[in-house]
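# Observations on chain architecture
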Amino acid sequence: MDDNVRINAEKSPKNETLAINAHTNGGFSKSCHCTDRNGVVVQCTSRNLENIPLNFPKDTVVLLLSSNRIRHIPNGAFTDLHRLRELDLSHNAIESMEVGAFQGISEGLRTLDLSNNHLSSLPKDTFTKLHARIRLSHNPWHCECSLQEVLRELRLDPETVNEVGCYTSVQEEYVGQPVIQVLDSGINFCNFHQKTTDVAMFVAMFCWFSMVTAYIIYYIRHNQEDARRHMEYLKSLPSTSHISKDYDTASSV
C-alpha cells in the first residue's frame, strides 16, 4: 500500500455527514468526519495520522489535522482544495515541508496554524503568494538569515506573534527572545551571516597566502643550498692558471 494516506468517503443521506476512513501502512486509523455546511468541514483531529491524507472532498473549506503525528508536508499536499479557507496543522511533529507544500491553496487560504510543531527553519519560498494569517508559535526556531527572510513575507497572527521565539540563534544572546522583538530592535541576522562568510573567506585567503609564502621560502632556501654546493664543487676543481703552468712545463720538457 502507498505510504501516503488514502481516503474513502461515503455521504450519509440523513444528516449530510461524511465518514472518511484513512488507511496507513500501520493499519486502519479512526474515521475522520466531514460535515457539509456551505462547504465541507473535514475533521481529522487526533487520528494518529503520520502523513497528509489524499483525496479530500474538493469543496473542503475547513481542514482540521491537529494533534496527529505528521512529520513532513510534501509538495502539493493540498493542491486540489481551491476553496480551502482554514487549515489547522497544530500539535503535530512537523519538522520539514517542501517549497510547494501549499501550492494551489495560497490565494484563498485565510488561516494557517503551524503552532506546536518541531519546525526550526523553512525554505525561503515556502509561503509564496500566501495571504493567510499564520501561527508559528511554540516551534524550536533557529534565528538566522533565512528565517528572517521568510518572516518578512508573512502575516503572523498578532495574538501569538510574541510566542515565536529563538530556540537557538546565530548570536547566543538572542536565545529565548521573541523573534519579532529582536528584529524590531534593528538586529539583522543576515549581517551576521555576511560577517561569518567574510571571516571564512579571510581565513581561507590567509591559509592560501601562508602556503604560498612557505613554498617561496622553501624554494629560495633549496636553491641557496644547491648554489652553495655548486660553489664548493667549483672550488674543489684545479684552478685554470695551475693547469696552464703544468701544460707549459710539459711542453718545454
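Parameters at a glance
- Residues numbered from 1 in each chain as written.
- Predicted model: local features only at pLDDT ≥ 70, side-chain atom pairs only at ≥ 80, totals over all residues.
- Heavy atoms only, no water.
- Helix = DSSP H or I, 4+ residues; strand = E, 2+ residues; numbered from the N terminus.
- Areas by Shrake-Rupley, 256 points an atom, 1.4 Å probe, with all protein chains shown as cover.
- Salt bridge = Lys/Arg side-chain N within 4 Å of Asp/Glu carboxyl O.
- Buried < 20%, exposed > 50% of the residue type's maximum accessible area, 1.4 Å probe, protein only.
- Phe/Tyr/Trp six-rings, centres within 6.5 Å; stacked < 30°, edge-to-face > 60°.
- Patch = residues over 30% accessible without salt bridge, like charges linked within 9 Å, V, L, I, M, F, W, Y side chains within 5 Å.
- Lys, Arg positive; Asp, Glu negative; His and termini not counted.
- Charge placed at Lys NZ, Arg CZ, Asp CG, Glu CD.
- Contact = heavy atoms within 4.5 Å.
- Core = buried A, V, L, I, M, F, W, Y, C linked by side-chain atoms within 4.5 Å.
- Pairing = 2+ DSSP bridges.
- Disulfide = S-S within 2.5 Å.

## Describing the overall build of the protein
Scanning the protein from N- to C-terminus turns up four helices and 14 strands. As displayed, the protein has an accessible area near 15,700 Å², and 53% of this comes from carbon and sulfur atoms.

## What about the pattern of salt bridges?
Across all of its chains, the model carries five salt bridges by this definition. Where Lys124 meets Glu149, a salt bridge forms, and the shortest distance between an N and an O atom there is 4.0 Å. Taken together, the residues Lys124 in the loop between β10 (111–113) and β11 (133–135) and Glu149 in helix α1 (residues 145–152) connect sequence positions 25 residues apart. Classification of Lys124 by relative accessible area gives exposed; the value is 53%. Taken together, the shared-partner salt bridges in this structure form one network comprising Arg135, Asp157 and Glu159.

## Quick look at the packing of aromatic side chains
By the definition in use, this model includes three aromatic pairs. Following the ring pairs from residue to residue traces out a cluster consisting of Phe78, Phe102 and Phe127.

## Section: unusual backbone geometry
At Ser46, a residue that is not glycine, the phi angle is positive and equals roughly 55°. The topology assignment puts Ser46 in the loop between β5 (40–43) and β6 (60–64). A relative accessible area of 39% places Ser46 in the partly exposed class. With a phi close to 60°, Asn55 is a non-glycine residue in the positive phi region.

## Details of a positive patch on the surface
A surface patch of positive charge is lined by Arg83, Arg85, Arg110, Arg133 and Arg155. Within the secondary structure layout, Arg133 lies in strand β11. Arg133 gets classed as partly exposed once you look at its relative accessible area, which sits at 38%.

## Here we look at the side chain of Ser137
Within the element layout of this structure, Ser137 appears in the loop between β11 and β12 (141–143). Exposure remark for Ser137: the relative accessible area of 3% places this residue in the buried category. Leaving out residues up to four positions away in the same chain, Ser137 has contacts with Ser115, Asn116, Thr160, Glu163 and Val164.

## With respect to the nonpolar core
Most often, soluble globular proteins have nonpolar side chains that are buried together. Phe78, Leu89, Phe102, Leu112, Leu114 and Phe127 are the most contacted members of the largest nonpolar core, which has 47 residues in total. When contributions to this core are tallied by element, the ones reaching two or more residues are β4 (32–36), β5, β12, α1 and α2 (179–184). Element by element, the count of residues in this core is highest for α1, at three residues. Setting aside its immediate chain neighbours within four residues, Leu114 contacts Ile73, Leu89, Ile94, Met97, Phe102, Leu119, Phe127, Arg135, Leu136 and Asn139.

## Focus on the pairing of β5
Strand direction decides the pairing type here: β4 and β5, joined by four bridges, are antiparallel. Paired with His33 across the two strands is Gln43, which belongs to β5. The sheet contact formed by β5 and β6 spans four bridges and is parallel. Looking at β6, one finds that Gln43 is bridged to Leu64.

## A closer look at the state of the cysteines
Defined simply, a disulfide is a covalent bond joining two cysteines at their sulfur atoms. Considering all chains together, one arrives at three disulfides under this definition. For Cys32, the disulfide goes to Cys44, at an S-S distance of 2.3 Å. Here the S-S torsion is close to 125°, and the disulfide linking Cys32 with Cys44 is therefore right-handed. Separated by twelve residues along the polypeptide, Cys32 in strand β4 and Cys44 in the loop between β5 and β6 bring together distant segments of the chain. Taken as a pair, Cys32 and Cys44 share a single burial class, namely buried. No disulfide involves Cys34; its sulfur sits 6.6 Å from that of Cys44, the nearest cysteine.

Interpretation note: all reported values are geometric properties and have no functional meaning in isolation.
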